[in-house]
Amino acid sequence: MDSLFHALVGAMIGEIAPKSIKRRRLKGALAAMSPDLMNIPSYLYLGIKTNSTLWYPQPDAFYQNPWITEHWTWLCWNMSHSFLFWGLIIMPLVIRSKWTPLFGIAYLSHLILDLPSHSGIWSVQPIWPYGWLAEGWFDAWAWNLRQIFTYSTLPAFCWFLAYRMRLQKWIVWPSERQNAHAEVI
Ligand SMILES: [Zn+2]
């Protein structure tokens, strides 16, 4: 998916998370966007190679230069989008650093959403370094701004629903129940 879609899904997960987590929506959004930080090396490299404005290649530049998926900079992206990387590196890091599991869950949402939204040679390798490509159905990464904003209404609506559910107390974590009880006393 595109970064806005990922961020909104992460914010929705943060909305559902316990209120004891400070800035939970922001943390969810940032964690959900973070796997694509590993795109920066391949974007920069292709941007320089194709003389793109501000070294930022447009989707056409990727389609015209499919060799980029064979370049080492693409490995960074493959690594950060691997469920093995998530299980063996990200989750142990989250647990050891005593970060909230929200980081790990929001990160995982990115990996799941990218499975259908990258197709052909741009597909995700979910068990990288084993090279099996999970063939997706469409290329959300190549969406233009109009498509990005149009499709972002879906996770935005889901976030709104989650917000309403929290407001109606349909989702109440034990920590929130105890606090509520303490306030009553
Ligand atoms: Zn991604």
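You'll find the structure just up there.
Owing to the predicted nature of the structure, the values given are computational and were not obtained by experimental measurement.

Reading the values: rules and limits
Residues numbered from 1 in each chain as written. Predicted model: local features only at pLDDT ≥ 70, side-chain atom pairs only at ≥ 80, totals over all residues. Helix = DSSP H or I, 4+ residues; strand = E, 2+ residues; numbered from the N terminus. Buried ≥ 20, exposed ≤ 12 C-beta atoms within 10 Å, placed from the backbone. Contact = placed C-beta atoms within 7 Å. Axes fitted to C-alpha atoms, helices over the stretch in contact; angles between N-to-C directions. Parallel < 35°, antiparallel > 145°, perpendicular 65-115°, else oblique. Left-handed = near helix turned anticlockwise from the far one by under 90°. Nonpolar A, V, L, I, M, F, W, Y, C, P; charged D, E, K, R; others polar. Expected span 1.5 Å × (residues − 1). Arc of directions from axis to C-beta. Core = buried A, V, L, I, M, F, W, Y, C linked by C-beta atoms within 7 Å.

A. Spatial organisation of the overall build of the protein. Summing up its helical and strand segments, the protein has 10 helices and zero strands in all. Seen in sequence order, the protein has helices and strands lined up from the N terminus as α-α-α-α-α-α-α-α-α-α. Taking the principal axes of the C-alpha coordinates as reference, the protein spans close to 65 × 35 × 30 Å. When the 185 residues of the protein are sorted by exposure, 30% land in the buried category. Restricting to contacts in the protein with at least 6 residues of sequence separation, those with at least 24 account for 58%.

B. Structural view of the packing of helix 2 (residues 24–33) against helix 7 (residues 101–114). Contact geometry for helix 2 and helix 7: axes closest at 7 Å, N-to-C directions at 45°. With respect to helix 7, the axis of helix 2 lies oblique. Both helix 2 and helix 7 take part in a crossing whose hand is right-handed. Contacts between helix 2 and helix 7 pair R24, K27, G28, A31 and A32 from the former with L102, F103, A106, Y107, S109 and H110 from the latter. Of the residues belonging to the contact of helix 2 with helix 7, the class tally is six nonpolar, three polar and two charged.

C. Structural detail: helix 9 (residues 153–167). Across its 15 residues, helix 9 extends 21 Å between first and last C-alpha, which sits within 8% of the 21 Å expected from 1.5 Å per residue. Within helix 9, burial applies to P155, W159 and A162. Along helix 9, the residues classed as buried sweep out an arc of 60° about the axis, all on the same side. Of the exposed residues in helix 9, the ones pointing more than 90 degrees away from its buried face are T153, L154, F157, F160, L161, R164 and L167. Those residues of helix 9 that are buried are in contact with helix 1 (3–16). In the stretch just after helix 9, K169 is the one whose phi turns positive, near 60°.

D. Region of the structure containing the nonpolar core. L8, M12, A32 and A106 are the most contacted members of the largest nonpolar core, which has 23 residues in total. Elements that contribute at least two residues to this core include exactly helix 1, helix 2, helix 6 (83–96), helix 7 and helix 9. Sort the elements by how many residues they give to this core and helix 1 lands first, with seven residues. Leave out the neighbours within four places in its chain, and A106 touches G10, I13, G28, A31 and A32. Counting residues in hydrophobic clusters, the runner-up holds five residues, among them L46, F62, I68 and W77.

E. Representation of helix 5 (residues 72–80) in the model. For helix 5, every residue scored as buried is listed here: W74, W77 and S80. Here the buried residues of helix 5 occupy an arc of 125° about the axis, which is enough to place them on one side. Contacts made by the buried residues of helix 5 are with helix 3 (40–49) and helix 6.

F. Layout of unusual backbone geometry. Of note, the bond from W128 into P129 is cis; its omega dihedral lies within 30 degrees of zero at 15°. In this fold, P129 is placed in the loop between helix 7 and helix 8 (145–151). Positive phi outside glycine occurs at R23, with the angle close to 45°. Topologically, R23 is positioned in the loop between helix 1 and helix 2. Its identity as a non-glycine residue notwithstanding, K98 has a phi of 55°, on the positive side. Looking at K98, the number of C-beta atoms within 10 Å reads 6, which means it is exposed.

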